[in-house]
Amino acid sequence: MIIAEIGQAHDGSLGNAHAFIDALANTGVDAVKFQTHIAEAESSPLEPFRVKFSKQDETRFDYWKRMEFTPDQWKGLREHCKEVGLQFISSPFSIAAVNLLDSLDIDAFKVGSGEVKNFLLLEKMAKTGKPIILSSGMSSYHELKESIDFIKGFGNKYSVLQCTTAYPTSPEQWGLNVISELKERFDCTVGFSDHSGDIFACLAAASLGAEVFEFHVVFDKRQFGPDSPASIEIDQVGVLCKGIKDIQEALKNPIEKNDIQKYDSLKTMFGKSLSVNKDLVAGHILSVEDLESKKPGGVGIPADQFKQVLGKELSVSLNKWDFLKEEHIK
């Protein structure tokens, strides 16, 4: 599954949110992901900004309040996703948000890195029966195991994403080694949640067997918002999706390196036969300075056997660039 996270890139504009869905519809992603914030249920005026990016919101609570949509507006976004063939996923940050999303028949819940140990929220999500995607950005293996064991008790489908909580992440922070470790420890679908701001991390994760991919998107990295530096632009999404799918197709089709029979004709075409690089008379003793290799193969002595003719005597005279054959040597 390839998930494009719109998150808060809409900046509280319903029109922008719908524009993102349209723009992503034909890029190759399988789903779009939002964040569902209900300020009164989730936050308080005491919550600090992670990064004080906003000049219009006095507090973090005010920002979440401005990011809210009404239930009818959320319903419209969900229906829009259905119309264009995209799954609708969101990260809830309160029980109220879970209830809202469940009423919309959401396709899956995404658990943000800061909510992995929020068992109150996890239980509410799990009881809906919907698939749950866990982001591991701030969790140890022990904490992840506790949360996964908790979810297992409800029977939901679940997956875990390697994630580094840094915006943007630099290559040394990607944690690609964790992908195989998560697979080994938890025996579940494992993916990668990217905050690098470019397409390379997800492509690398695909080559290591990740199966779920999530990345932030914006129309332009210069636009306002806390996640813009950690996002890719819409015009990059199609290239990323194609890259992921091509890599996955390659991994499903391993090559048998010893199966080279199909190259026989090409090996002859591109192969090289020995020739002489000057006029030589019968009786000449061949040295490496007399030899050249020329296409195609199969005409003269194969070039890889050149050492076998060194020090041998010519039985006939040869013109410059003639192929050297077995019958030319005593």
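Just so we're clear, the structure is a prediction, and the values are computed from it rather than from any experiment.

## Focus: the overall build of the protein
Here is step 1: Counting secondary structure elements, the protein contains eleven helices and eleven strands.
Here is step 2: Taken over C-alpha atoms, the radius of gyration comes to 31 Å for the protein, far larger than the 20 Å a tight globule of 330 residues would show.
Here is step 3: Taken over the C-alpha atoms alone, the protein extends approximately 100 × 40 × 35 Å along its principal axes.
Here is step 4: In the protein, buried positions account for 45% of the 330 residues.
Here is step 5: A sequence separation of at least 24 residues applies to 65% of the contacts in the protein between residues at least 6 apart.
Here is step 6: Element-wise, carbon and sulfur atoms account for 52% of the exposed surface of the protein, whose accessible area totals about 16,400 Å².
Here is step 7: In the protein, 37 side chains carry a positive charge and 48 a negative one; their mean positions are 4 Å apart.

## As for the domain arrangement of the protein
A common way to report how large an interface is uses the accessible area buried once the components associate.
Here is step 1: Partitioning the protein into structural domains gives domain 1 (2-252) and domain 2 (261-328).
Here is step 2: Here domain 1 and domain 2 have C-alpha centroids that lie 64 Å from each other.

## Concerning the nonpolar core
Here is step 1: If you look at the biggest cluster of nonpolar residues, it comprises 60 residues, and the most contacted ones within it are Leu24, Val29, Phe34, Phe88, Leu134, Phe215 and Val217.
Here is step 2: Broken down by element, the residue count for this core peaks at five residues, all from helix H10 (residues 234-252).
Here is step 3: Not counting residues within four places of it along the chain, the set of residues in contact with Val29 comprises Ile2, Ala4, Leu24, Leu86, Phe215, Val237 and Cys241.
Here is step 4: Counting eleven residues, the second-largest nonpolar core is a separate cluster that includes Leu274, Val276, Leu291 and Leu314.

## Focus on the environment of Pro229
Here is step 1: Position of Pro229 among the secondary structure elements: in the loop between strand E8 (212-218) and strand E9 (232-233).
Here is step 2: The spacing of Pro229 and His216 is 13 residues in sequence and 9.5 Å in space, taken between C-alpha atoms.
Here is step 3: Residues contacting Pro229, with those up to four places away along its chain left out, are Pro168, Gly197 and Lys221.

## Let's talk about the pattern of salt bridges
Here is step 1: On inspection of all chains with the given rule, the structure shows 19 salt bridges.
Here is step 2: In this structure, the salt-bridge partner of Asp105 is Lys130, at a minimum N-O distance of 2.4 Å. Taken together, the residues Asp105 in the loop between helix H5 (95-103) and strand E4 (108-111) and Lys130 in the loop between helix H6 (119-126) and strand E5 (132-135) connect sequence positions 25 residues apart.
Here is step 3: Arg222 is paired through a salt bridge with Asp220; the nearest N and O atoms lie 2.7 Å apart.
Here is step 4: Residue classification places Arg222 among the exposed residues on the basis of a relative accessible area of 75%.
Here is step 5: Residue classification places Asp220 among the partly exposed positions, given a relative accessible area of 24%.
Here is step 6: Overlapping salt bridges, with partners in common, bring together Glu40, Lys65 and Glu68 in one network.

## With respect to the UniProt feature "domain: AFP-like" (unreviewed entry) in the protein
Here is step 1: What UniProt calls "domain: AFP-like" (unreviewed entry) maps, in this numbering, to residues 273-330.
Here is step 2: Counted over residues 273-330, helix gives 0% and strand 14%. Its end C-alpha atoms are 19 Å apart.

Here is what the cut-offs are and how they apply
Residues numbered from 1 in each chain as written. Predicted model: local features only at pLDDT ≥ 70, side-chain atom pairs only at ≥ 80, totals over all residues. Heavy atoms only, no water. Helix = DSSP H or I, 4+ residues; strand = E, 2+ residues; numbered from the N terminus. Rg over C-alpha atoms; globule rule 2.2 N^0.38 Å. Buried < 20%, exposed > 50% of the residue type's maximum accessible area, 1.4 Å probe, protein only. Contact = heavy atoms within 4.5 Å. Areas by Shrake-Rupley, 256 points an atom, 1.4 Å probe, with all protein chains shown as cover. Lys, Arg positive; Asp, Glu negative; His and termini not counted. Charge placed at Lys NZ, Arg CZ, Asp CG, Glu CD. Domains from an automatic or database assignment. Core = buried A, V, L, I, M, F, W, Y, C linked by side-chain atoms within 4.5 Å. Salt bridge = Lys/Arg side-chain N within 4 Å of Asp/Glu carboxyl O. UniProt positions renumbered as here; feature names shortened; annotations may be inferred.

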